[in-house]
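Understanding the architecture of this molecule
As a plain string of letters, each chain reads:
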Amino acid sequence: MIFLAYLYDLPNATEGVDAIVNQMTTGSFYWFVPMILFFTFCIVFIGGITRQRIRTGTADYSAWGIIASMTTLLPALLFSVQAGFIRLDWLVIVISLNILTAFWFFMDKKVTEV
């Protein structure tokens, strides 16, 4: 088992599950949180567009974009409660995505539609 020491460092399990996940996201698998956020965004965005297109025949992309970005913001803010779980640049990307989709939503609609 000495060959595994160079591939994967076992986390310290004496502090609880949150410490294990925090060590995992900062060390060996740092793409864990961005993958969760991207998965959340894609599921809401693609699922909403698909269901709306099936029901009405057309989809409102800007509305589903802002809904998906706000849905992604909530886990990102929850991940930021514990220090080190989410990096600051990923949180800035999610907030920027919210601002851009809100701008897209309000520029796409007429004054009477919003």
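In what follows, the accompanying structure is described. In this text, all values refer to a predicted model and were calculated from it rather than measured experimentally.

1. Looking at the pattern of salt bridges
In total, this model carries 1 salt bridge according to the counting rule given. Ionic pairing is found between Arg87 and Asp89, a salt bridge with its closest N-O pair at 2.7 Å. According to the relative accessible area criterion, Arg87 is partly exposed, its value standing at 44%.

2. Points about the layout of surface pockets
Here the largest pocket defines a volume of roughly 180 Å³. Mapped onto the lining of the largest pocket, the elements with two or more residues apiece are helix 2 (32-56) and helix 4 (88-108). Looking at the lining of the largest pocket element by element, the count peaks at 5 residues for helix 2. Here the residues of the lining of the largest pocket are counted per class, giving 9 nonpolar, 1 polar and no charged.

3. With respect to the side chain of Thr101
Take Thr101: it is sitting in helix 4. From its side chain, Thr101 meets the backbone oxygen of Asn98 in a polar contact 3.1 Å long. Filtering out sequence-adjacent residues up to four positions away, Thr101 remains in contact with Gly65, Ile66 and Ser69.

4. Regarding the packing of aromatic side chains
The geometry of an aromatic ring pair comes down to the distance between the two centres and the angle between the two planes. Going through the model one piece at a time under the given rule, you end up with 4 aromatic pairs. On the basis of an interplanar angle of 65 degrees and a centroid distance of 5.6 Å, the ring pair of Trp31 and Trp90 is categorised as edge-to-face. Placement of the pair is Trp31 in the loop between helix 1 (17-26) and helix 2 and Trp90 in helix 4, with a sequence separation of 59 residues. Given a relative accessible area of 42%, Trp31 falls into the partly exposed group. Residue class for Trp90 comes out partly exposed when judged on its relative accessible area of 23%. Between Phe41 and Phe45 the ring centres are 5.6 Å apart and the planes differ by 15 degrees, which places this aromatic pair in the stacked class. In this pair, Phe41 and Phe45 both sit in helix 2, 4 residues apart, roughly one turn of the helix. Note on accessibility: Phe41 and Phe45 belong to one class, buried.

Conventions adopted
Residue positions are given per chain, counting from 1 as you read along its sequence in written order. Local features are withheld for residues below a pLDDT of 70 in this predicted model, meaning they are given only at 70 or higher, and side-chain atom pairs are given and counted only at 80 or more; totals for whole chains, interfaces and linings count all residues. Calculated side-chain values reflect all of the structure's heavy atoms, with hydrogen atoms and water omitted. Definition used for salt bridges: Asp or Glu carboxyl oxygen within 4 Å of a side-chain nitrogen of Lys or Arg. For the exposure calls, accessible area comes from a 1.4 Å probe over protein chains only, and a residue counts as buried if that area is under 20% of its type's maximum, exposed if over 50%, partly exposed in between. The definitions used throughout rest on a 1 Å grid laid over the protein atoms alone, on which a cavity is an enclosed set of points accommodating a 1.4 Å probe that cannot get out and a pocket is an open set flanked by protein within 12 Å on both sides along at least five of seven lines; lining residues are those having an atom within 4 Å of a point. Grid points are joined across faces, edges and corners, and a volume is the space filled by probe spheres set on the points. Secondary structure elements follow DSSP: runs of H or I no shorter than four residues count as helices, runs of E no shorter than two count as strands, and numbering proceeds from the N terminus. Nonpolar residues are Ala, Val, Leu, Ile, Met, Phe, Trp, Tyr, Cys and Pro. Charged residues are Asp, Glu, Lys and Arg, and all others, Gly as well, are polar. Polar contact is defined as a pair of N or O atoms within 3.5 Å, subject to the rule that within protein one atom must be able to donate a hydrogen and the other to accept it, and that residues adjacent in sequence are counted only when both atoms are side-chain atoms. The contact definition used throughout considers only heavy atoms, calling two residues in contact when any of these lie within 4.5 Å. Each Phe, Tyr or Trp ring (for Trp, its six-membered ring) is paired with any other whose centre lies within 6.5 Å, and the angle between the two planes then decides the class: stacked below 30 degrees, edge-to-face above 60, tilted in between.

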